Amino acid sequence: MALGFLALALCGSEVRAASSLSPEAAKPATREIFTAPLKELPTPYSANAARVVPFTSKPSDKPVDTAFGAYQRGQYTTAFREATKRIAADPKDAAAMTLLGELYNQGLGLKQDPVKAAEWYRLAAAQGDVHAMASLGLMSIDGRGGAKDLKAGRQWLEKAADKGDTTAAYNLALILLGTGTEPDQARAATLFLKAAEGEIGAAQHDLGVLYLQGRGVPKDPTQAAEWFRRAADNGDLAGEVEFAILLFNGIGLPKDEGRAARYFQHAAARGNAIAQNRISRLFVVGRGVQKNLVEAAAWNLAASAQGLSDPWLDDNLKTLDTAERSRAEALAAERARVN
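Re unusual backbone geometry
Stage number 1. Positive phi, close to 65°, is recorded for Glu199, a residue that is not glycine.
Stage number 2. Here Glu199 shows up in the loop between α8 (182–197) and α9 (201–213).

Side note on the pattern of salt bridges
Stage number 1. Applying the stated criterion across every chain, the model contains 15 salt bridges.
Stage number 2. A salt bridge links Arg287 to Glu257; the shortest N-O distance between them is 2.6 Å. Of the two residues, Arg287 sits in the loop between α13 (273–285) and α14 (293–305) while Glu257 sits in helix α12 (residues 257–269), which places them 30 residues apart along the sequence.
Stage number 3. A cluster of three or more residues bridged by salt bridges with shared partners is formed by Asp65, Arg86 and Asp93.

Section: the packing of aromatic side chains
Stage number 1. Inspection of the entire model under this criterion finds five aromatic pairs.
Stage number 2. Both rings, one in Phe68 and one in Tyr71, keep their centres 6.5 Å apart while their planes meet at 10°; by these two values the pair is stacked. Residue Phe68 and its partner Tyr71 are both found in helix α1 (residues 66–72); the two are separated by three residues, about one turn of the helix.
Stage number 3. Chaining the aromatic ring pairs together yields one cluster made of Phe68, Tyr71 and Tyr76.
Stage number 4. Stacked on the ring of Trp299, the Lys or Arg Arg335 has its end atom at 4.0 Å from the ring centre.

Some words on the confidence of the model for the chain
Stage number 1. On average, the chain scores 85 in pLDDT, and the residues at 70 or more come to 81%.
Stage number 2. Counting interchain partners and residues more than four positions distant, the pLDDT-below-50 stretch residues 1–28 has 70 contacts.
Stage number 3. Taken as a whole, residues 42–64 scores under 50 in pLDDT and shows 40 contacts with residues more than four places along the chain or in a different chain.

What counts, and at which threshold
- Residues numbered from 1 in each chain as written.
- Predicted model: local features only at pLDDT ≥ 70, side-chain atom pairs only at ≥ 80, totals over all residues.
- Heavy atoms only, no water.
- Helix = DSSP H or I, 4+ residues; strand = E, 2+ residues; numbered from the N terminus.
- Salt bridge = Lys/Arg side-chain N within 4 Å of Asp/Glu carboxyl O.
- Phe/Tyr/Trp six-rings, centres within 6.5 Å; stacked < 30°, edge-to-face > 60°.
- Lys NZ or Arg CZ within 6 Å of the ring centre and 35° of its normal.
- pLDDT = per-residue confidence, 0-100.
- Contact = heavy atoms within 4.5 Å.

Here's what the structure looks like:
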């Protein structure tokens, strides 16, 4: 059973279980990790991972890294020039090679060229750069910069994961999870843990799913709740919604409707339709929040606009007068513009 179909444990018919919604409405709150595509995740070359230092030379070995600094500031032409100078001075500068591969891969400051990106990544990988290995793995699996080669792609991810690259560990876990075998499930969980401990929100969410379902790890709602919380703290939207569900129901941690409502509302403001539906229902019944039918209607409109209709909400919001409905519509429109 997908986690998104977990019910909010509200009394009676006040809020229906997600599993009782119509097929169109019963959309999962989480990503479906068992068929998830491989994807680029934060690396030292990502803007939101600036805290990671990719160039591991000793402080006395080289001057301040102007190439990476320029990249982080969005000065891609300067980054290209400085990385090229570094390679001219040291033909084995793997980090500079990987940076050139990233510039060509994304088309930053120059024309996008997957073939050249793969060439630079290969040179860097030959020098042992794990980020280049991880990128080569994804490119091989996608068939970018060369022929599609699933076996080679998996091998690159294996090498990078073995060397501690959390992006590679996450994507390799997704591949293993898809095989359905018990040994692969267990290894996938181990790899998700490695990526989760590297503070990758998507991995934290997916590890929480495994703990909640008992796949590859013993079933443990407490562990699931903790990983969902950490995923939410790292900005993972699916993790935020799942943590709110467990928090509201008191599964794996003490029940706290008010705190759960705050998580639902935050996720709803970020555009998650499941969260918009749940917070709408809470505003109708006044659980975790003060009862407010205008707010309920606004969030119901937002969820409905994304295809999550809810006849129960529609029926309970029929009493709104024209002015209240207009305020709700204005709120929904404003929130849509923000998202």
